Amino acid sequence: MSKGRILSGMRPTGRLHVGHLVGVLDNWIKFQDEYDCYFMIADWHALTTKYDQTEDIKDNIRELVIDWISAGIDPEKSVIFLQSDVKEDAELHLLFSMITSVSRLERVPTYKEQIEELGLGNSVPYGLLGYPVLQAADILLYKGDTVPVGKDQLPHLELTREIGRRFNYLYEEIFPEPEPKLTKVPKLLGTDGRKMSKSYGNAIFLADSKDEVEEKVKQMVTDPQRIRLKDPGDPDVCSVYNFHTIFNESEKTDELAEGCRNAGIGCMNCKGNLRDVLVDELAEIRAKRKELEKNPERIDEILAAGAKKAKKVAQATMKEVRSAMNL
Ligand code: SF4
């Protein structure tokens, strides 16, 4: 029986943090053995919101590949490629845009949210509206039949399924209807208790040195009611404890929670334990990063090999598409 094919990607917008590790990469690593995996660096998608900030894009692409591989994405098992290396994606996007209505795109829930968030008012770029059409092309070009998604991305995938169905109905049965693979995303907050984000300055990055991790853990926000050692604390409102629940062993986590509640452990000790766990967790990634940073040609080789494999599939799909559309 042939394996299902997973298509997933990330935009190259900066260094990855531990939230990406536990929320996305850990899942991808598991998928590598079960599926035929295509992992795409979505550089065109990065332009939908950052079209005027392209000076860092090349560096961000390299950093992203380094982060992926250091975390355990294996180029021998998975196809790692750059979206813009496969121009067939742009062609399919154009053709899909002919069969997709503007009103349908305006109904994608995240569209309105994004306009508001970015304060775009009446000056919404055409590319932002068409973003889900490009996403449909990304997935269907490779005939991805499985797409790992969080619940908030389900409407985008539904649109991909609709576009594929419409194409199949209008011309010829070519595309699969990709199924969502709902992934478990542990709720990891930032060091200050807010959502972890580079822009909030509350993230621990995969590329952080041991000293940086240590300093960030030291600065982490704890239960604000726990002022003295003898005050009992509430681990459920503490960002240090939130990290323990994700990175530490469950027995140790329970012991720390108990120690917090009965004032048997101090926050310094609790943080010290977390620091050791995190430094340990990131040690292998850091070592692999160093190796790759010393060998930039390796990144070029990985991207070139990925583009070659991705192109082969893309060209075969486009041949079918053009023939079905009499082009
Ligand atoms: S003991 Fe640990 S869990 Fe409790 S408030 Fe301090 S850092 Fe947070």
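The coordinates are above.
Heads up: these notes are all about the structure in this document. Here the structure is a predicted model, which is why all the values come from computation and not from measurement.

Rules and cut-offs
Residues numbered from 1 in each chain as written. Predicted model: local features only at pLDDT ≥ 70, side-chain atom pairs only at ≥ 80, totals over all residues. Heavy atoms only, no water. 1 Å grid on protein atoms, 1.4 Å probe; cavity = no way out; pocket = protein on both sides within 12 Å on 5 of 7 lines; lining within 4 Å. Points joined across faces, edges and corners; volume = space filled by probe spheres on them. Helix = DSSP H or I, 4+ residues; strand = E, 2+ residues; numbered from the N terminus. Nonpolar A, V, L, I, M, F, W, Y, C, P; charged D, E, K, R; others polar. Near = heavy atom within 4 Å. Sits in = over half its atoms within 2 Å of the grid points. Core = buried A, V, L, I, M, F, W, Y, C linked by side-chain atoms within 4.5 Å. Buried < 20%, exposed > 50% of the residue type's maximum accessible area, 1.4 Å probe, protein only. Domains from an automatic or database assignment. Contact = heavy atoms within 4.5 Å. Phe/Tyr/Trp six-rings, centres within 6.5 Å; stacked < 30°, edge-to-face > 60°. Lys NZ or Arg CZ within 6 Å of the ring centre and 35° of its normal. Salt bridge = Lys/Arg side-chain N within 4 Å of Asp/Glu carboxyl O. Lys, Arg positive; Asp, Glu negative; His and termini not counted. Polar contact = N/O pair within 3.5 Å; in protein donor to acceptor, adjacent residues only side chain to side chain.

**Here we look at the layout of surface pockets**
Rolled over the atoms, a probe with the dimensions of a water molecule shows which regions are left empty.
Reasoning step 1: Its volume calculated, the second largest pocket comes out at about 240 Å³.
Reasoning step 2: Forming the walls of the second largest pocket are 15 residues, and the residues nearest its centre are H93, S97, Y126, G130 and V133.
Reasoning step 3: Of all elements in the fold, only α2 (43-50), α4 (88-98), α5 (102-106), α7 (126-129) and α8 (131-141) reach the threshold of two or more residues within the lining of the second largest pocket.
Reasoning step 4: Looking at side-chain class alone, the lining of the second largest pocket contains nine nonpolar, six polar and no charged residues.

**Details of the site of the ligand**
Reasoning step 1: Taken together, T222, D223, R226, C238, V240, Y241, C260, C267 and C270 make up the full set of residues near the ligand.
Reasoning step 2: Mapping the ligand onto the cavity grids shows that it belongs to the largest cavity.
Reasoning step 3: When contributions to the shell around the ligand are tallied by element, the ones reaching two or more residues are α11 (239-247) and α13 (267-293).
Reasoning step 4: In terms of residue class, the shell around the ligand is built from six nonpolar, one polar and two charged.

**With respect to the nonpolar core**
Reasoning step 1: By size, the foremost hydrophobic cluster in this structure holds 53 residues, and its most contacted members are V18, L25, I41, W68, L206 and F243.
Reasoning step 2: When residues of this core are assigned to domains, at least three fall in each of domain 1 (5-188 + 296-324) and domain 2 (208-289).
Reasoning step 3: In this structure, I41 is in contact with M10, P12, I61, L64, V65, W68, I80, F81, L82, Q83 and L303, ignoring residues within four places of it in sequence.
Reasoning step 4: Core analysis: the second largest hydrophobic core is formed by 40 residues, I115, V133, I139 and V321 among them.

**Structural notes on the packing of aromatic side chains**
Reasoning step 1: The full count for this structure, using the stated rule, is twelve aromatic pairs.
Reasoning step 2: Judged by centre distance (4.2 Å) and plane angle (10°), the rings of W28 and F39 are stacked. Placement of the pair is W28 in helix α1 (residues 18-34) and F39 in strand β2 (residues 36-41), with a sequence separation of eleven residues. Across this residue pair, the class does not change: W28 and F39 are buried.
Reasoning step 3: An aromatic cluster is built from F96, F167, Y171 and F175, whose rings are joined through pairwise contacts.
Reasoning step 4: A cation sits over an aromatic face here: R15 above F205, 4.4 Å from the ring centre.
Reasoning step 5: Note that R194 overlies the ring of Y200, its terminal NZ or CZ placed 4.1 Å from the centroid.

**Notes on the pattern of salt bridges**
Reasoning step 1: Tallying each qualifying case throughout the model produces 24 salt bridges.
Reasoning step 2: Across the salt bridge formed by E293 and R289, the nearest N and O atoms sit 2.6 Å from each other. Of this pair, E293 and R289 both sit in helix α13, separated by four residues, roughly a single helical turn.
Reasoning step 3: Since its relative accessible area comes to 3%, R289 is described here as buried.
Reasoning step 4: What emerges from the salt-bridge pattern is a single network uniting E158, R161, R165, E177 and E179.

**Considering the side chain of D138**
Reasoning step 1: Relative to the helices and strands, D138 resides in helix α8.
Reasoning step 2: Lacking a salt bridge, the buried D138 has R11 as its closest oppositely charged neighbour, with an N-O distance of 9.9 Å.
Reasoning step 3: There is a polar contact of 2.7 Å between the side chain of D138 and the side chain of H45.
Reasoning step 4: Discounting chain neighbours no more than four positions away, the residues touching D138 are L7, M40, H45, Q83 and D89.

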